[in-house]
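# Structure assessment
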There are 2 protein chains.
Amino acid sequence: MKNYDLALIGLGNVNRTLASLIRDESASLAEQLGFTIRVTAITDLRWGTLVDAGGIDLAQALDLAPGETFASLGGVDTCDNETLIRTCPADIVVEATFTNPLNGEPALSHVRWALESGKSVCTTNKGPAAFAADELKALATKNNVRFEYEGAVMSGTPVLRLASGPLKGVGMRGFSGILNGTSNYILGRMEAGLRQDEAIKEAQQYGYAEADPTADIGGSDVRLKVTVLANDLLGAHLHAPDVPTEGITGITQEMIDQAVQQGAHWKLIGQGTKAADGTVTVSVAPQMLDSSHPLAGISGATNALLFDTRFLGQVTISGPGAGRIETAYALLSDIVAIDAFHHQR
Amino acid sequence: MKNYDLALIGLGNVNRTLASLIRDESASLAEQLGFTIRVTAITDLRWGTLVDAGGIDLAQALDLAPGETFASLGGVDTCDNETLIRTCPADIVVEATFTNPLNGEPALSHVRWALESGKSVCTTNKGPAAFAADELKALATKNNVRFEYEGAVMSGTPVLRLASGPLKGVGMRGFSGILNGTSNYILGRMEAGLRQDEAIKEAQQYGYAEADPTADIGGSDVRLKVTVLANDLLGAHLHAPDVPTEGITGITQEMIDQAVQQGAHWKLIGQGTKAADGTVTVSVAPQMLDSSHPLAGISGATNALLFDTRFLGQVTISGPGAGRIETAYALLSDIVAIDAFHHQR
């Protein structure tokens, strides 16, 4: 059975969840997927760097005692990501560091180093795909490897590969989505009568919102996702700063009340449309949707994406847009896609 | 560029629409899909049989004068489907005859003859997959070809290949869907105050319902789809008669009114669940759904399928479930899948 060796860049919630899955369920995963997975390298600012070409003992690596680093397992307590990524014994580099909304670094460099050294990449990081998708896809093609980033849009809910696989040839004319669960949750709670600041506090208590909710409610998180979708689905060549972006901070209780009276709902919508001449127009902005709109009923932290197509009209997929197990699954599905690519070569 | 030669079995709305697309847009389809398509054989009870290994002139074949048959184009005005399917110069047999809800014939035999003679099959016919999926899949594997039938469930809205491709490894635990647009339209019109017989008449006027609406409102159409889904998504080995089925004829105006008062909706739900021991339970029956249910807001003739999964919880896809161009696209997407299979061999 084919085996893939992984290098985990960052050991936060998502890569830790993926590693736990590999530790606990390698046999059943192999049976379902038709290949095995090992982790041969891990690097994280907190624990340092660990490499084992024979496969890291994940039970040990995921259960360090307080104060320990990877140095106590034979690794080092420092990180030299460029050297590690370029030289480690891995087939696939799994990038799961935090998204930098300004320029995508250092994740963008991590991806570039991996592809340059002939390794496929899967990532949940929005930065590389939103700031340098064209460059990185070309680099992957040149090196006969893959750059996969399904988790950058709706965590494990597949939208990029739904469009490129089962919907191939459908005539994609545009998309429209609820792509940030936090802001959708907040808008829903405002409909239930909370002020926006109260709804934000509640979202923070439940773990939906970060301590600094700016990226969620200001629209910059959705902006990155719209960039990725416009480039992948509509063949645009945008960078994140090209997307006109307005968040939900201007939505007042009066606007919400007026919508509710009409049976309508305010939603933060990220959208893109392709004109007949190929021009792609994108935006992130709140929109008041009539109750009959397919996105009007998407409530709570759920995400949804509506595809506007030539042959099928509107097709909508909804599902989780965040969560550690959901996002770890996105990485697993990226590895499945990389495996399919290797079968095709 | 790779080319696929098609044999069209049946030239009703769906295959006629597919043939028109090939006639009118072969260049742009080739550019999008990366392969070309020709039609080398057509058979239909009304027009007879036409074969041309060099590619049939579709402009002629789709525009016969009244009273003409394929005999006037050098074919014959009779049909011997077994001989044609076994011997015609085609890579792919496109089966689009009417579904027989009792035993799937003659479509089932059409598919069998094609696979036995080393041709891949794509079909929008629910019969073969609902009555003999295991046999036909094994036959395809043995002959190193494909048996594809995405259009048998929600026309071109991809559910089978969403599950087998982008959602591979997600841990499918069950599904629940609105799989018949006619009955969903009728239930919606009953909510608006029409009696069921009035709603059926209206659906017939708009072309949603057949002159004999029994298969739609009696649940047997959904039963076939549930059989296909349970086998494909949950690994069951069911035949259509195994599915307990109840249609919407028992839904009274009083039941509808009571639901509306509670903010709920009656829906005809086809569902399947897989227990921990692998047992699959299926049913087709009306259910009253609370307004917060992801399927409650699916209105009109739209279809939707909710996947219940281990890693992502609930993921729902909605889109058209019928229509000639939508169903012709299902066949096109089947051909795309067959092409991907050939790249993997």
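Going by the structure above, here's the rest.
Residues numbered from 1 in each chain as written. Chains lettered and ligands numbered in written order. Predicted model: local features only at pLDDT ≥ 70, side-chain atom pairs only at ≥ 80, totals over all residues. Heavy atoms only, no water.

## Quick word on the overall build of chain A
The secondary structure content of chain A amounts to 13 helices and 11 strands. For chain A, the spread of C-alpha atoms along the principal axes amounts to about 65 × 50 × 35 Å. Within chain A, the fraction of its 345 residues that count as buried is 56%. When the accessible area of chain A is evaluated, it comes to approximately 13700 Å², of which 49% is carbon and sulfur surface. The averaged location of the 39 negative side-chain charges in chain A is 5 Å from the averaged location of its 25 positive side-chain charges. (Helix = DSSP H or I, 4+ residues; strand = E, 2+ residues; numbered from the N terminus. Buried < 20%, exposed > 50% of the residue type's maximum accessible area, 1.4 Å probe, protein only. Areas by Shrake-Rupley, 256 points an atom, 1.4 Å probe, with all protein chains shown as cover. Lys, Arg positive; Asp, Glu negative; His and termini not counted. Charge placed at Lys NZ, Arg CZ, Asp CG, Glu CD.)

## Topic: the interface of chain A and chain B
Taken together, the contact between chain A and chain B spans 33 residues of the former and 33 residues of the latter. Interface of chain A and chain B: buried area, both sides summed, is about 2900 Å²; carbon and sulfur atoms make up 62% of it. Our count for the contact surface shared by chain A and chain B stands at two salt bridges. Arg310(B) is paired through a salt bridge with Glu25(A); the nearest N and O atoms lie 2.5 Å apart. Across the chain A-chain B interface, the total number found is 10 residue pairs in polar contact (both at pLDDT 80 or more). Those elements that provide at least two residues to the side of chain A that touches chain B are α1 (13-33), α7 (160-164), β11 (313-319) and α13 (324-344) of chain A. Among the elements that take part in the side of chain A that touches chain B, α13(A) stands out by supplying eight residues, more than any other. In terms of residue class, the side of chain A that touches chain B is made up of 16 nonpolar, 12 polar and five charged. Two elements, β11(A) and strand β11 (residues 313-319) of chain B, share three bridges in a ladder whose sense is antiparallel. Within the sheet, the bridge partner assigned to Ile317(A) lies in β11(B) and is Ile317(B). (Contact = heavy atoms within 4.5 Å. Buried area = accessible area lost by both parts, 1.4 Å probe. Salt bridge = Lys/Arg side-chain N within 4 Å of Asp/Glu carboxyl O. Polar contact = N/O pair within 3.5 Å; in protein donor to acceptor, adjacent residues only side chain to side chain. Nonpolar A, V, L, I, M, F, W, Y, C, P; charged D, E, K, R; others polar. Pairing = 2+ DSSP bridges.)

## Looking at the pattern of salt bridges
Enumeration according to the criterion identifies 32 salt bridges over all chains in this entry. Salt-bridge contacts for Asp5(B) lead to Arg38(B); the nearest nitrogen and oxygen are separated by 3.0 Å. Placement of the pair is Asp5(B) in strand β1 (residues 3-9) and Arg38(B) in strand β2 (residues 36-44), with a sequence separation of 33 residues. On the basis of relative accessibility, which here comes to 30%, the residue Arg38(B) falls in the partly exposed class. Via salt bridges that share partners, Arg146(A), Glu148(A), Arg161(A) and Asp334(A) belong to a single interconnected network.

## Brief notes about the pairing of strand β1 (residues 3-9) of chain A
All names here are of chain A. With respect to burial, β1 is a largely interior element, six of its seven residues being buried. Relative to strand β2 (residues 36-44), β1 is paired through seven bridges, and the arrangement is parallel. Residue pairing across strands places Asn3 opposite Thr36, the latter belonging to β2. Note: β1 against strand β4 (residues 92-95), four bridges, orientation parallel. Directly across from Leu6, in β4, lies its bridge partner Ile92.

## Some points on helix α13 (residues 324-344) of chain B
The end-to-end C-alpha distance of α13(B), which contains 21 residues, comes to 31 Å, matching closely the 30 Å that a straight helix rising 1.5 Å per residue would cover. Most of α13(B) is tucked away: 15 of the 21 residues are buried. (Expected span 1.5 Å × (residues − 1).)

## Quick word on the sheet that holds strand β3 (residues 48-51) of chain A
Residues and elements named next belong to chain A. Read across the open sheet, the six strands follow the order β3-β2-β1-β4-β5-β6; overall the sheet is mixed. Edge strands, defined here as strands with exactly one partner in the open sheet, are β3 and β6 (147-148). For β4 and strand β5 (residues 120-123), the ladder comprises four bridges, and the chain directions are parallel. Paired with Val93 across the strands is Val121, a residue of β5. Contacting β1, β4, β5 and β6, helix α4 (residues 107-116) runs over the sheet at an angle of about 175° to β4. (Axes fitted to C-alpha atoms, helices over the stretch in contact; angles between N-to-C directions.)

## What about the relation of the copies chain A and chain B?
For the pair chain A and chain B, the best superposition has an RMSD of 0.0 Å and corresponds to a rotation of 180° with a translation of 0.0 Å parallel to the axis. Here the two chains are linked by the operation of a two-fold rotation axis. (Least-squares fit on C-alpha atoms with pLDDT ≥ 70 in both.)

## Some thoughts on the side chain of Asn180(A)
Residue and element names in this part refer to chain A. Along the chain, Asn180 turns up in the loop between β7 (172-178) and α8 (181-191). According to the relative accessible area criterion, Asn180 is buried, its value standing at 4%. One polar contact links the side chain of Asn180 to the main-chain amide nitrogen of Ser183, over a distance of 2.8 Å. Among all residues touching Asn180, those that are not within four sequence positions of it are Asp216, Asp221, Val222 and Asn303.

## A closer look at the side chain of Lys267(B)
All names here are of chain B. On the secondary structure map, Lys267 appears in strand β8 (residues 265-274). Glu191 provides the closest opposite charge to the buried, salt-bridge-free Lys267, at an N-O distance of 5.5 Å. Looking at Lys267, its side chain comes within polar contact range of the side chain of Asn184, at 3.1 Å. A polar contact is formed between the side chain of Lys267 and the backbone oxygen of Ile298, at a distance of 2.7 Å. Apart from the residues lying within four places of it in its own chain, the contact partners of Lys267 are Ile178, Asn184, Leu187, Ala285, Pro286, Gln287, Leu289, Leu295, Ala296 and Ile298.

## Structural notes on the packing of helix α4 (residues 107-116) of chain B against helix α5 (residues 126-142) of chain B
All names here are of chain B. Closest axis-to-axis distance for the α4/α5 pair is 10 Å, and the angle between their directions is 10°. Put simply, α4 runs roughly parallel to α5. When α4 is examined against α5, the residues Ala107, Leu108, Val111, Arg112, Leu115 and Glu116 are found in contact with a partner set consisting of Pro128, Phe131, Ala132, Glu135, Leu136, Leu139 and Ala140. Here the contact of α4 with α5 is built from residues that sort into 10 nonpolar, no polar and three charged. (Parallel < 35°, antiparallel > 145°, perpendicular 65-115°, else oblique.)

## Some details on helix α9 (residues 196-205) of chain B
Residue and element names in this part refer to chain B. All buried positions along α9 are accounted for by Gln196, Ala199, Ile200, Glu202 and Ala203. Here the buried residues of α9 occupy an arc of 160° about the axis, which is enough to place them on one side. Those residues of α9 that are exposed and aimed more than 90 degrees away from the buried face are Lys201 and Gln205. Taken together, the buried residues of α9 touch α8 (181-191) and α10 (214-217). In the stretch just after α9, Gly207 is the one whose phi turns positive, near 85°. (Arc of directions from axis to C-beta.)

Function cannot be read off these values alone, since they describe shape.
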